[in-house]
Amino acid sequence: MAFKIKIRYIITLITFMGFFISFSIKIAVNLTLVALAGGEDVPIKQINSSDLFIESSNFIDIAPRWDHRTRNTVQAAFFYGYSFSQLPSGRISELYGVRYIFGPSILAASLLSVIFPLTVNWGLYAACVLRCVQGILLGVIFPAMNTLMAKWAPQNERSSLNSIIFAGCSFGMIATQALSGYASVWNFFGGWRAIYYFTGLFGLVWFPFWIYFVYDEPSEHPMITAEELATINEGRNKTLSGKAVKLPFKSIFTSIPVYTIILAQIGAWWNVYIVSSQQPEYINAVLDIDIGSNGLLSCLPSIFFMLSSCILALICDTLRSSGYLTITKLRQVFNSIGSFGPALCFFLITIFGKNPVMVNMLFIISMIFSGGCASGSSVSHMDMSPTFAGSLMGITNCLSNFAGFLVPLATSILVGESKNPKDWANLFYLTVAIDIVGGLGFCFFSNSEVQSWDPEYRAGNEKNKLRGNNNIAIDTDKIDNLS
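Keep in mind the model is a prediction, meaning the values are calculated, not measured.

(A) Just the overall build of the protein chain, in detail. The helix and strand inventory of the protein chain stands at 19 helices and two strands. Considering the protein chain as a whole, with its 483 residues, one finds that 58% of them fall into the buried category. Of the accessible surface of the protein chain, which amounts to about 19,900 Å², a share of 67% is contributed by carbon and sulfur atoms.

Written as structure tokens, this is what we have:
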């Protein structure tokens, strides 16, 4: 049965929702832990509505009150699992497919999300273990997505389709930050616990759509048209062997362009985690803005990041179709926007300090610039190596997501419990340095052309040789006819 809507767009939308759920789970703890700020454990019966908890027989009677260092420990626990599970998941998705890896992982992480409010009462270690397991489950999504879209996205739609999927991250942040802030103040459905129940429900509803519509190979999809299949395959150099190709470890780990992606992505993710995990803390501690308004202010950078990444991706794909710039130059230009723009913004935050209008504007503008990375280093894996796009994403995302637990660690060391903007400035100076190093490395040393160690490169060379031989034969025939 042929579908009127292009199947690749349906798969993009469903994957977008998968990222929405994943990032809702991922960052929920960053804002809701503000509700657990304090020192000693406090009985719920002694906490009024302004303390963000409700009295209910459905919940255990003691709610922990965690200091900044403890909250950062819980945040970091997720990334221990999240970073390291990415290494094998890219290769596993290439060998065994994405369909039964991506979907079930998000479903399981969603259901575990429902349990998190209970683990908070069981103790710090229980909360950390659960978050680490969620990290392991959700660590598969970026490498698996790269494997999927390397097969489903036409060359001239790679930036756009990937940016739409990446926008699911921002959309998840927006919904989570808004809901968690207001739920905490209004004591809605358990107060701060509400966001964990909703993510569990979203995952349960989303999963059947994933299993029904998503297939690993376009050629295997029962609803795809011949026209769409031809569009997806246009410009690709297909290898004839259906066997799994051996991963060229030596070539990958000695490739300078791979390391430029790692450096650039460390900066990109560092910015995301600074804004998603530490902006709420900064707004609360330094600017002294209440948690309800905090939720709204915290989601604004994500809204603008989502919009800018999609708009810049459309511009990038338009420029690629025109042939005005090479793919390497395109990726370098857009990644420079995503690296140097935020660096300037974070530097200016150190100057404006306690000015709430300017600081919040700069957080927003930094994320507008960051949208450039979605058309830069974030998508270069598919350009460099369509065959091993999942493995490359697993390697680069594993290392770049060290930022997930290094940001809370750096905050604990450089800021601690301080409410002084001068102490926070040290964290922002570090962010500026990381952005500049990553941006310069990618700008001068990256290469987004298909690499010589990818089978598509060899297939392209073989195709060019055959074309050359055919042209020689044609020219010989012309000479014979003239003689």
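(B) Just the packing of helix H11 (residues 256–285) against helix H13 (residues 327–352), in detail. The geometry of H11 relative to H13 is characterised by a closest axis approach of 10 Å and an angle of 35° between their N-to-C directions. Two packed elements cross with a definite hand, and for H11 against H13 that hand is left-handed. On H13, the residues that touch Ala264, Asn271, Ile274, Val275 and Tyr282 of H11 are Asn335, Gly338, Pro342, Phe346 and Ile349.

(C) Structural context of a nonpolar patch on the surface. Taken together, the side chains of Ile256, Ile436, Leu440, Phe444 and Phe445 present a nonpolar region at the surface, about 520 Å² in accessible area. The leading source of residues in the nonpolar patch is helix H18 (residues 421–445), at four residues. Relative to the helices and strands, Leu440 resides in helix H18.

(D) Structural detail: empty space enclosed by the protein. This model, assessed by the stated rule, comprises three cavities of 30 Å³ or more. Within this model, the largest cavity holds a volume of roughly 200 Å³. Around the largest cavity, the lining comprises 15 residues; the ones closest to its centre are Phe166, Trp269, Val272, Phe305 and Ser378. Mapped by element, the contributors of at least two residues to the lining of the largest cavity are helix H7 (158–186), H11 and helix H16 (389–400). Top element by residues in the lining of the largest cavity is H11. It accounts for four residues. Within the lining of the largest cavity, the residues separate by chemical class into 11 nonpolar, four polar and no charged. In this structure, the second largest cavity occupies an estimated 60 Å³ of space. Along the walls of the second largest cavity sit Ser170, Met173, Val272, Val275, Ser276, Ser302, Phe305 and Met367, which together make up its complete lining. Residue assignment for the lining of the second largest cavity shows that the elements contributing at least two residues are H7, H11 and helix H12 (291–322).

Calculation rules
Residues numbered from 1 in each chain as written. Predicted model: local features only at pLDDT ≥ 70, side-chain atom pairs only at ≥ 80, totals over all residues. Heavy atoms only, no water. Helix = DSSP H or I, 4+ residues; strand = E, 2+ residues; numbered from the N terminus. Buried < 20%, exposed > 50% of the residue type's maximum accessible area, 1.4 Å probe, protein only. Areas by Shrake-Rupley, 256 points an atom, 1.4 Å probe, with all protein chains shown as cover. Axes fitted to C-alpha atoms, helices over the stretch in contact; angles between N-to-C directions. Left-handed = near helix turned anticlockwise from the far one by under 90°. Contact = heavy atoms within 4.5 Å. Patch = residues over 30% accessible without salt bridge, like charges linked within 9 Å, V, L, I, M, F, W, Y side chains within 5 Å. Salt bridge = Lys/Arg side-chain N within 4 Å of Asp/Glu carboxyl O. 1 Å grid on protein atoms, 1.4 Å probe; cavity = no way out; pocket = protein on both sides within 12 Å on 5 of 7 lines; lining within 4 Å. Points joined across faces, edges and corners; volume = space filled by probe spheres on them. Nonpolar A, V, L, I, M, F, W, Y, C, P; charged D, E, K, R; others polar.

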